[in-house]
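Here is how the chains run, residue by residue.
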Amino acid sequence: MPSAHVDLVPLGYKPLSPRALASGESLETVDFIDATHLLVTFNQRKLIARLRDDPEGDRDRILRAVVVHLPDGKVTAEAEWRTHDRERYLWSLADGRFLLRLGNAISVLAPRNAHPGEELQRYSLLVMSRKLRHVQVAPDGQTIAVESSKPEMIGDDPDEPTSKRPIELDLYTFHASPFGLEKRGTTPLPAVLHFSFTDEGYLVANPEKGGTWAFDLSGFHGETLELAGVQTSCRPEHLFVSPTEFIVSACRVGDERGMLGAFNLRGEVLWLQGVPPPHGASFSLAPNAGRFAMRGTSTDVDISRDDNLPSGQEVRVFQTYSGAMLLRTECTPTQKADQNFALSDDGMQLAVWSRDAINIYPLPALSAKDENAVKQAKQPVVFKK
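Residues numbered from 1 in each chain as written. Predicted model: local features only at pLDDT ≥ 70, side-chain atom pairs only at ≥ 80, totals over all residues. Heavy atoms only, no water.

The next thing to look at is the sheet that holds strand β12 (residues 143-149). Strand order in the open sheet formed by 4 strands is β11-β12-β13-β14, and the pairing between neighbours is antiparallel. Every interior strand has two partners, whereas the edge strands, β11 (131-137) and β14 (179-189), have only one. Strand-to-strand twist across the sheet, computed as the mean angle between neighbouring axes with direction ignored, equals 25 degrees. Both strand β13 (residues 167-176) and β14 contribute to a ladder of 10 bridges, which runs antiparallel. Bridged to Leu-169 within β14 is Thr-187. (Pairing = 2+ DSSP bridges. Helix = DSSP H or I, 4+ residues; strand = E, 2+ residues; numbered from the N terminus. Axes fitted to C-alpha atoms, helices over the stretch in contact; angles between N-to-C directions.)

Before going further, it helps to examine empty space enclosed by the protein. What the rule picks out here adds up to 3 cavities of 30 Å³ or more. What the second largest cavity holds in volume is close to 40 Å³. Every residue along the wall of the second largest cavity is listed here: Tyr-13, Lys-14, Leu-16, Leu-27, Glu-28, Phe-42, Asn-43 and Arg-45. Broken down by class, the residue content of the lining of the second largest cavity amounts to 4 nonpolar, 1 polar and 3 charged. (1 Å grid on protein atoms, 1.4 Å probe; cavity = no way out; pocket = protein on both sides within 12 Å on 5 of 7 lines; lining within 4 Å. Points joined across faces, edges and corners; volume = space filled by probe spheres on them. Nonpolar A, V, L, I, M, F, W, Y, C, P; charged D, E, K, R; others polar.)

A few words now on the state of the cysteines. A complete count under the given rule lists 1 disulfide for this structure. Disulfide partner of Cys-234: Cys-251, at an S-S distance of 2.1 Å. Handedness here is read from the sign of the S-S torsion; for Cys-234 and Cys-251, about 95 degrees, the answer is right-handed. Residue Cys-234 is located in the loop between β17 (224-231) and β18 (237-242), and its partner Cys-251 is located in strand β19 (residues 245-251); the two are separated by 17 residues in the primary sequence. Judged by its relative accessible area of 24%, Cys-234 falls in the partly exposed class. (Disulfide = S-S within 2.5 Å. Buried < 20%, exposed > 50% of the residue type's maximum accessible area, 1.4 Å probe, protein only.)

Glancing now at the pattern of salt bridges. Under the definition given, this model contains 9 salt bridges. A salt bridge links Glu-78 to Arg-64, with the nearest nitrogen and oxygen atoms 2.6 Å apart. Residue Glu-78 is located in strand β5 (residues 75-83), and its partner Arg-64 is located in strand β4 (residues 61-69); the two are separated by 14 residues in the primary sequence. Under the relative-accessibility criterion, Arg-64 is labelled buried at 14%. Put simply, Asp-85 and Arg-101 hold a salt bridge, and the shortest N to O gap is 2.9 Å. Residue Asp-85 is found in the loop between β5 and β6 (90-92), and its partner Arg-101 is found in strand β7 (residues 98-102); the two are separated by 16 residues along the sequence. (Salt bridge = Lys/Arg side-chain N within 4 Å of Asp/Glu carboxyl O.)

Shape is all these values report; function is a separate question.
As structure tokens, then:
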């Protein structure tokens, strides 16, 4: 049963249409700031003033952000932001801070510092002259990857091939005192990439004979760390859930079921288990508790491809080192965008969007064995020379 229930209608929220839910556009988010505060954002339906120099392809909208106190649901700070597209705009950083992207501008939010009743402030980190294409944040909440291309100009061909607009990847480290981004390097990419990485390097999956895929950690300074592999009948998808642990979503050989497993940078397979087909899976992480939440559908419909969304969508919380499932609950309505649920940083609560409200579910405290596993996962990576 939920320990708290936050009604969003009094805050100005209006439920999304089926078309919007199926679009995959980033339209609403929920995140924990700390154990007693949520950051909730959603589209604000209102007239938008036209900007004189607004590019023709922009799809401007107004986002409403509210800091909500738990369990009473009172708003302690709020803000409105104008953004120019429907792509993802918010990422969690460490210590209750958030990365906000509005067009080509990146800022940091520090809602813990907000005083009751004041506007939620944002602090500028980076304004790009290039077109920002993709942003990712590593599980440490400090390492940030930003992908960009040359800016689009009036008269450009919208169907111009990607090869004519090469992608650059910039790697940054976020610093909190004072707020800033330290650039670590730039590298060209063949296209916009979604990849798994930590502050040490990025994960590479290499196909081998017999349906086996081998994993390597490719260090940002040229080192390579060989890791355990997995046998699968489909290409595996992978994601770091802590600085030294990653999960792999794959397919059992000769079986229609999906497979989920956890691995670490010591070359160990922590566990493998059968799961429903991994269609449209998305994740929320709590590395400090050694836990992650996975959201997927309860049917075999691939929501990343099909506009007819299934009725069932569930969230499951796992202990990373053991694979033990701690909680399973429904998330409604089903949507393609992946920010309608969140784990708290301490791993003790799960927030789940439930139509026009958010439910908060308690999770069990960490055992001594759980805490020891978290300590082990924080041990630094040692590359072989």
